[in-house]
Amino acid sequence: MFSGLRERLQSARDRLGASIGAAAAASQPQEPEKPAALEKEGEVPAKNPTLADKVRILIIDRELVVSEKDIADALSELEMTLLESDVALPVTDALIADIRAGLVGKHRKIGESVDSLVVRSLKSALLKVLGQGFDLPAYIRSHERPVKILFTGVNGTGKTTTVAKIGAYLKKEGFSVVIGAGDTFRAGAIEQIGVHAERLGIKVIEHQTGADPSAVLFDTVQYAIAHKTDVVLADTAGRFHTKANLMSQLEKIRRVMKPDLIVYVDEAVAGNDAVVRAAEFDKTVGADAIVLTKADMDSRGGAAISIAHTIGKPLLFLGTGQAYEDIMPFEPGTVVEELLGGAA
Amino acid sequence: MMDSLSGSLKDALKKLAGKAVVDRAAVDELVKNLQRALLSADVNVKLVMDLSKAIRTRSLDEELPKNTNVREHVLRIVYQELVRLVYASADLKLEPQVILMAGLQGSGKTTTTAKIARYFQKKGMKVGVICADTFRPGAYDQLSTLCAKINVPCFGNPKVTDARQIVREGLVAVKDQEVIIVDTQGRHALEPDLIQEIIDLNALTKASHRWLVIDAALGQQASEQAKRFHEAIGIDGVIITKMDGTAKGGGALSAVAETKSGIVFIGAGETIEDLERFDANGFISRLLGMGDLQALVEKVQEAQMADEVDMEAMMKGHFTLRDMYKQLEALNKMGPLKQIMSMLPMGNMQLPEGVYDVTSTKMARYRILMDSMSPKELDDPSLINSSRMQRIARGAGGTPEEVRELLKYYKMMHKTLKGLRGSGGGKFNMQRLMKRFSGMQ
């Protein structure tokens, strides 16, 4: 997952480390033994204790202050890296500022590895952005049934497929599921979710194409109450945040079915617009969690960072392929660990 | 966000405006702002870097053409470089052809297929569609429903799982049609089986066009995906979809650069009619979040157009409806009045707000009204009484109120021009003003 971003971060990390290292070397030109000391402080020869002490005081215990100048080049390279990985411009700016703040002015003992300092700063910045994960089964267990989940998003991000995948996932976790075919607009959408549900053995509540989606989803909730179903998954038609009438339709759906969770679905390959529309959806109908689809298309994962940073909501799942089991719960800690090569 | 970006871009331009020579620092700032605008429009990072380098060198090295100021000079370079980026020709001929649609999942291939079918149908071609998406449930239902609405034959079979077989049968089934469009399943470049499938479909259909459908929101990934698709089947046209959202479509630029092709269509809306031919100027304006760039670039020509208006007569306070007609005609080619005024180096001259309040649709109406006036009336508007008004209105398919409104606008323009002469203080100033008005500085 996100191996592309990982590689890029790895090289950025090396660059940052090298810059700081170079700055350190420049400030200590009179001490040729330094690299050796850096590698293994314990190996300072015991034959001449006075020299060893000197070295220890001069180099190992000496603090070095990282200046902005030392890392400027490396940071601007990191900026390009993030942009190339589809992290949106404003989010990139925020991340860079964060990392700079984490590094500049930091006192660092020479003995401490440059790498760990850089990694720590990157890691904290990324974790801050990605926030906490979201444990859906635990959420369902701790809430009154039926738990109603509404899926929103723009056209073609994969809402219907995601609904089917999450249905399959929850069924495997032992919950009973009903799907509301709330996309009554797009031709073939009801057939699409119908086929998925049939394959998965999940009940679908559907009306005809062109019907009021609020009514369909209301009926779905009623069905779930009557049949003591655990989870309602409500599919909706894709809509652009710029279409006021469609957004107010969504608003009506929310009023009518009173969802416990609103899940915003977007694709991992989306660029800067991901930020704009996520913010807009969050503003008009709200969003409690995010699903990022098509993550298998893209090894960069920038959209995950962008969206999470913009609306500050947890990522629920990543869609990683065409099969029903191609969905994985998102755990920020693991992902960041993986991105930074587990070196932290 | 975008607003502030285009704002800083404009600020950077403004800094160039007053300069007599091209200022390195100002150009640098402009380029930096331009980079940010393009990056946040999802244009490929490498493309942005190449582009800004070219703009920088050209701005600093090229000699300032006569009759232009620094700002116009730099802007023209920016515009030209951008056009070079998007404007490879993507020819669309009305002749029998087979079109193969390709693209990522959810980019809008099926909807676009129906839209293109409609486009050719409206041009009088016989169109047939083959649904080769054997994977996504409901794909055939979707396409056949859309095609049924416009009475286009659609071949498909949801029970068959082999796209090659469907296409083979489909080509026979719709062989009487002139334009055959093959919709395919969404796929991405990292799926070797599916890439092989589309290579086979391309060979099977002997497609005359292979169009790549790109979501306007697609980010940096566009470049890589387009490259792989191009390697597989040789993309010769790009279609940008979902331009009705806020996405800027910069990803499509990367696709164009990778495939060395042009943008054929732009999809902007959910109904079957919402398909437009690509317009480079509008696209670039949107990319940068700025107004009509082309108008700025063609300012020199504009000045010549303004010359058609009889400046001499106008200076003497002789301003007839005929002059106004010419003016409106010229304005019509250039865009809204206010924008033009803001482009011309008029300094701090203030025109009454009412002058700007004429929208382009109104201007078009005014011209129609004036078309139904007699030459005498055009030369001497005071002739127009209520019975003439009735006649003019009837001739133009409008109401007398409209004619009255037009006359009111004329009077206001007249008064404004007279006022200019008055406040200008003497003929010399007026002449200078008019010269400036025509952009010769």
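None of these values were measured; they are calculated from a predicted model.

A. Expanded view of the overall build of chain B. The helix and strand tally for chain B stands at 22 helices and 8 strands. Considering chain B as a whole, with its 441 residues, one finds that 44% of them fall into the buried category. When contacts within chain B are restricted to residue pairs at least 6 apart in sequence, long-range pairs at least 24 apart make up 73% of them.

B. Seen up close, the overall build of chain A. Helix and strand content of chain A: 14 helices and 10 strands. Within chain A, counting contacts between residues at least 6 apart in sequence, those at least 24 apart form 79% of the total.

C. View of helix α20 (residues 386-396) of chain B. Residues and elements named next belong to chain B. Regarding α20, the residues found buried are Met389, Ile392 and Ala396. Buried residues of α20, seen end-on, are gathered within an arc of 65 degrees and therefore sit on one face of the element. Opposite the buried face of α20, by more than 90 degrees, sit the exposed residues Ser387 and Arg394. Just downstream of α20, Gly397 is the residue with a positive phi angle, here 65 degrees.

D. Expanded view of the nonpolar core. Residues Val263 of chain A together with Val182 of chain B are the most contacted members of the largest nonpolar core, which totals 189 residues. Apart from residues no more than four positions distant in its own chain, Val263 of chain A is found in contact with Ile149, Leu150, Phe151, Asp288, Ala289, Val291 and Leu316 of chain A. With 15 residues, the next largest nonpolar core counts Met370, Met373, Ala396 and Met413 of chain B among its residues.

E. Representation of the confidence of the model for chain B. All names here are of chain B. For chain B, the average pLDDT comes to 78, and 75% of its residues sit at 70 or higher. Across chain B, strand β4 (residues 179-184) holds the top mean pLDDT of 95, while helix α13 (residues 299-308) sits lowest at 44. The low-confidence segment residues 299-310 (pLDDT under 50) makes 24 contacts with residues lying over four places distant or belonging to another chain. Confidence drops under a pLDDT of 50 for residues 334-350, and excluding neighbours within four residues, the segment shows 27 contacts in the predicted structure.

F. Structural detail: helix α10 (residues 213-226) of chain A. Between the first and last C-alpha of α10 of chain A there are 20 Å, a value that for 14 residues agrees with the 20 Å anticipated at 1.5 Å per step. Where α10 of chain A is buried, its residues touch β3 (147-152), β4 (177-182), β5 (203-205), β6 (231-236) and α11 (244-257) of chain A.

G. Representation of the packing of helix α12 (residues 273-284) of chain A against helix α13 (residues 302-311) of chain A in the model. Residues and elements named next belong to chain A. Where α12 meets α13, the axes come as close as 9 Å, and the angle between the chain directions of the two elements is 35 degrees. Here α12 runs over α13; the crossing is right-handed. Listed contacts from α13 to Ala274, Val275, Ala278, Ala279 and Asp282 of α12 are Ala303, Ser306, Ile307, Thr310 and Ile311. A per-class count over the contact of α12 with α13 returns 7 nonpolar, 2 polar and 1 charged.

H. Focus on the interface of chain B and chain A. Between chain B and chain A, the residue contacts involve 35 residues of the former and 39 residues of the latter. Of all the secondary structure elements, the ones that give two or more residues to the side of chain B that touches chain A are α2 (24-39), α6 (139-149) and α10 (250-259) of chain B. Per element, the largest residue contribution to the side of chain B that touches chain A is 5 residues, and it comes from α6 of chain B. A per-class count over the side of chain B that touches chain A returns 12 nonpolar, 16 polar and 7 charged.

I. The sheet that holds β6 of chain A, seen in detail. Residues and elements named next belong to chain A. One open sheet holds the 8 strands; their spatial order is β5-β4-β6-β3-β7-β8-β9-β10, and the pairing between them is mixed. Each edge of the open sheet carries a strand with a single partner, namely β5 and β10 (327-329). The sheet shows a mean angle of 25 degrees between the axes of neighbouring strands, taken without regard to direction. Alignment of β4 against β5, held across 3 bridges, turns out to be parallel. Counted as the bridge partner of Ile179 is Val204 from β5.

J. Broad picture of the environment of Leu150 of chain A. Residues and elements named next belong to chain A. With respect to the helices and strands, Leu150 occurs in strand β3. Taking C-alpha positions, Leu150 is 8.0 Å from Arg254, a pair spaced 104 residues apart along the chain. Discounting chain neighbours no more than four positions away, the residues touching Leu150 are Ala234, Thr236, Ile253, Arg254, Met257, Pro259, Ile262 and Val263.

K. Geometry of the pairing of β4 of chain B. Residue and element names in this part refer to chain B. Of all 6 residues in β4, 6 are buried, a share of seventy percent or more. The side-chain alternation of β4 yields two buried faces, one formed by Val179, Ile181 and Asp183 and the other by Ile180, Val182 and Thr184. When strand β1 (residues 97-103) meets β4, the two strands line up parallel, connected through 4 bridges. Looking at β4, one finds that Val98 is bridged to Ile180. As defined by bridge partners, strand β2 (residues 127-132) adjoins β4 across 6 bridges and the pair is classed as parallel. From the neighbouring strand, Ile130 faces β4, where its bridge partner is Val182.

L. The arrangement of the domain arrangement of chain A in detail. Residues and elements named next belong to chain A. Taken domain by domain, chain A comprises domain 1 (3-130) and domain 2 (136-334). Taken together, the contact between domain 1 and domain 2 spans 15 residues of the former and 15 residues of the latter. Taken together, the elements giving at least two residues each to the side of domain 1 that touches domain 2 come down to α1 (3-27), α5 (89-103) and α6 (114-130). Looking at side-chain class alone, the side of domain 1 that touches domain 2 contains 11 nonpolar, 3 polar and 1 charged residues.

M. Quick look at the sheet that holds strand β6 (residues 237-241) of chain B. All names here are of chain B. The sheet built from 8 strands is open, its strands ordered β3-β2-β4-β1-β5-β6-β7-β8 with mixed pairing. Both edges of this open sheet fall to β3 (154-155) and β8 (275-277), since each of them pairs with a single strand only. Bridge count for β6 against strand β7 (residues 263-267) is 3 bridges, and the pairing is parallel. From the neighbouring strand, Val238 faces β7, where its bridge partner is Ile263. On the sheet, helix α5 (residues 109-122) packs against β1, β2, β4, β5 (209-215), β6, β7 and β8 and is oriented at approximately 175 degrees with respect to β4. Here α6 sits on the sheet and contacts β2, β3 and β4; the angle it forms with β2, its principal contact strand, is near 170 degrees.

N. Local environment of the environment of Gly17 of chain A. All names here are of chain A. Counting through the fold element by element, Gly17 comes out in helix α1. Residue classification places Gly17 among the partly exposed residues on the basis of 19 C-beta atoms within 10 Å. For the pair Gly17 and Leu117, spaced 100 residues apart in sequence, the C-alpha to C-alpha distance is 8.3 Å.

O. Layout of the packing of helix α7 (residues 163-173) of chain B against helix α8 (residues 192-205) of chain B. Residue and element names in this part refer to chain B. α8 packs onto α7 with a crossing angle of 15 degrees between their chain directions and a minimal axis gap of 10 Å. In terms of orientation, α7 and α8 fall into the roughly parallel class. Here α7 runs over α8; the crossing is right-handed. Residue-level contacts link Ala163, Arg164, Val167, Arg168 and Leu171 of α7 to Glu197, Asp200, Leu201, Leu204 and Thr205 of α8. Across the contact of α7 with α8, the residue classes tally to 5 nonpolar, 1 polar and 4 charged.

P. Structural context of unusual backbone geometry. Cis peptide bonds are those with omega within 30 degrees of zero, and the linkage from Arg145 of chain A to Pro146 of chain A qualifies with -5 degrees. Inspection of the secondary structure assignment puts Pro146 of chain A in the loop between α7 (136-141) and β3. One non-glycine residue, Asp86 of chain A, lies in positive phi territory at about 70 degrees. Structurally, Asp86 of chain A can be placed in the loop between α4 (68-84) and α5. Among the residues examined, Asp86 of chain A registers 32 C-beta atoms within 10 Å and is labelled buried. Its identity is not glycine, yet Lys242 of chain B carries a phi of approximately 60 degrees, on the positive side. With respect to the secondary-structure elements, Lys242 of chain B resides in the loop between β6 and α10.

Calculation notes
- Residues numbered from 1 in each chain as written.
- Chains lettered and ligands numbered in written order.
- Predicted model: local features only at pLDDT ≥ 70, side-chain atom pairs only at ≥ 80, totals over all residues.
- Helix = DSSP H or I, 4+ residues; strand = E, 2+ residues; numbered from the N terminus.
- Buried ≥ 20, exposed ≤ 12 C-beta atoms within 10 Å, placed from the backbone.
- Contact = placed C-beta atoms within 7 Å.
- Arc of directions from axis to C-beta.
- Core = buried A, V, L, I, M, F, W, Y, C linked by C-beta atoms within 7 Å.
- pLDDT = per-residue confidence, 0-100.
- Expected span 1.5 Å × (residues − 1).
- Axes fitted to C-alpha atoms, helices over the stretch in contact; angles between N-to-C directions.
- Left-handed = near helix turned anticlockwise from the far one by under 90°.
- Nonpolar A, V, L, I, M, F, W, Y, C, P; charged D, E, K, R; others polar.
- Pairing = 2+ DSSP bridges.
- Domains from an automatic or database assignment.
- Parallel < 35°, antiparallel > 145°, perpendicular 65-115°, else oblique.

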